[in-house]
Amino acid sequence: MTFKHLNFDISDTIGLLTFNRPKALNALNHELVQEMDAVLDLIEQDPGVRALVLTGAGDKAFVAGADISEITKLDSLGAKKFSTLGHKTFARLAALPIPVIAAVNGFALGGGTEVALACDFIYASEKAVFGLPEITLGIIPGFGGTQRLARVVGPNRAKELIYTGRTFPASDALTYGLVNQVCAPEALMETVMKTAKAMALKGRVCIQAAKESINSGLSTDLETGLKIEANAFALCLASPDAKEGTQAFLEKRKAKFL
Ligand code: CO8
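A brief structural summary. The shown structure was predicted, so the numbers you read here are calculated from the model rather than taken from an experiment.

Each value, and the rule that gives it
Residues numbered from 1 in each chain as written. Predicted model: local features only at pLDDT ≥ 70, side-chain atom pairs only at ≥ 80, totals over all residues. Heavy atoms only, no water. Patch = residues over 30% accessible without salt bridge, like charges linked within 9 Å, V, L, I, M, F, W, Y side chains within 5 Å. Areas by Shrake-Rupley, 256 points an atom, 1.4 Å probe, with all protein chains shown as cover. Salt bridge = Lys/Arg side-chain N within 4 Å of Asp/Glu carboxyl O. Helix = DSSP H or I, 4+ residues; strand = E, 2+ residues; numbered from the N terminus. Buried < 20%, exposed > 50% of the residue type's maximum accessible area, 1.4 Å probe, protein only. Near = heavy atom within 4 Å. Polar contact = N/O pair within 3.5 Å; in protein donor to acceptor, adjacent residues only side chain to side chain. Pairing = 2+ DSSP bridges. Axes fitted to C-alpha atoms, helices over the stretch in contact; angles between N-to-C directions. Contact = heavy atoms within 4.5 Å.

## Comments concerning a nonpolar patch on the surface
Part 1: Nonpolar side chains collect at one region of the surface, where Ile68, Leu137 and Ile139 lie side by side and expose about 250 Å² of accessible area between them.
Part 2: Of note, Leu137 is situated in the loop between strand E8 (129-131) and helix H5 (145-153).
Part 3: Among the residues examined, Leu137 registers a relative accessible area of 48% and is labelled partly exposed.

## Thoughts on the site of the ligand
Part 1: Around the ligand lies a shell of 23 residues, among which Lys60, Ala64, Ala66, Ile68 and Gly111 are the nearest.
Part 2: Here Ala64 contributes a backbone N or O atom positioned 3.0 Å from a nitrogen atom of the ligand.
Part 3: A distance of 2.9 Å separates an oxygen atom of the ligand from a polar atom in the backbone of Gly111.
Part 4: Across the complex, the protein chains shield 63% of the 1,100 Å² of accessible surface that the ligand would expose by itself.
Part 5: Among the secondary structure elements, those contributing two or more residues to the shell around the ligand are helix H3 (76-95), strand E6 (107-109) and helix H4 (111-117).

## Brief notes about the pattern of salt bridges
When the charged atoms of two side chains lie near each other, side chains of opposite charge can form a pair.
Part 1: Tallied over the entire structure, the rule returns 11 salt bridges.
Part 2: Residue Lys211 is joined to Asp120 by a salt bridge in which the shortest nitrogen-to-oxygen separation is 3.0 Å. With Lys211 in helix H9 (residues 204-218) and Asp120 in the loop between H4 and strand E7 (121-125), this residue pair connects regions lying 91 residues apart in the sequence.
Part 3: When its relative accessible area of 31% is taken as the criterion, Asp120 is described as partly exposed.

## So, the sheet that holds strand E3 (residues 51-56)
Part 1: The strand order across the open sheet built from 6 strands is E1-E2-E3-E5-E7-E10, with neighbouring strands paired in mixed fashion. Single-partner strands in this sheet number two, and they are strand E1 (6-11) and strand E10 (181-183). With strand direction ignored, the average angle separating the axes of adjacent strands in the sheet is 20°.
Part 2: As judged from the 6 bridges shared by E1 and strand E2 (residues 14-19), these two strands associate in the antiparallel manner. Residue pairing in the sheet places Asn7 in a bridge with Thr18 of E2.
Part 3: Helix H1 (residues 30-45) contacts E1, E2 and E3 of the sheet and is inclined by roughly 15° relative to E1.

## With respect to the sheet that holds strand E4 (residues 61-63)
Part 1: The strand order across the open sheet built from 4 strands is E4-E6-E8-E9, with neighbouring strands paired in mixed fashion. Whereas interior strands pair on both sides, the edge strands pair on one side only; in this sheet they are E4 and strand E9 (168-169).
Part 2: Inspection of the sheet shows E6 paired to E8 by 3 bridges, in the parallel sense. Residue pairing for E8: Phe107 is matched across the bridge by Val129.

See below:
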């Protein structure tokens, strides 16, 4: 399947989604978000995809935000519709039953930081620049930033960043806990792919169970979260993954998961 504003390839069980509007620094327009939805359909239908990586085309940007020239043409209802489209698509991305890694290679501003936040975690190039600068445009984050940033870096840091709209380098993003690892630009994709491949070799049931437990637990109280974990643990133990993993340990060999 070919797309106008993004590329999607699958290689050795890893899906690679590349935002591809380099002339607009890969800004998210309606069509691009709809194309993301179509990619998610493909991934959901293909059990052979065991991890997904998101990055940006060109050497300058991951995603420089929602397309500002498109936003300016929207009335309030249109803005709500676009925001809701983004919420739905990013929620689908966040709920994929496989690891999803953002490889942030340059500017990740506004919607760019927001799409990265919907991934499981972020690796960034030393050249990456993050921020939710919407306040400087007289708007606020509308693709989940007010919610996901606060959950990742805490409400106080999120308020500081959103009220000032200031942009910040990957090194600060690492300090804030927004980014897991900062790499030299030329090493970013290799490092991300290595991590993705290591995860792709783990048991599918375990990865999904761990992800659902963490994600569901984050939006509930500890007691309920622990119940979710116990149920997920029981599911894993009854799966072929647990049989293979424990058997491999006893036989002193490397586990080979389905
Ligand atoms: N939208 C549209 N076009 C963009 C965007 C964008 N977000 N960012 C950059 N571009 C375009 C520029 O207009 C320029 O196009 P052209 O060559 O035709 O003039 C081209 O990309 C290159 O950009 P610059 O010349 O500005 O490159 P610089 O290196 O000088 O600057 C920056 C790079 C700092 C990244 C700068 O481009 C910039 O500040 N971009 C805007 C960043 C921003 O404010 N992002 C937030 C957008 S709002 C948002 O994301 C809201 C999300 C929620 C929406 C909810 C639904 C309504």
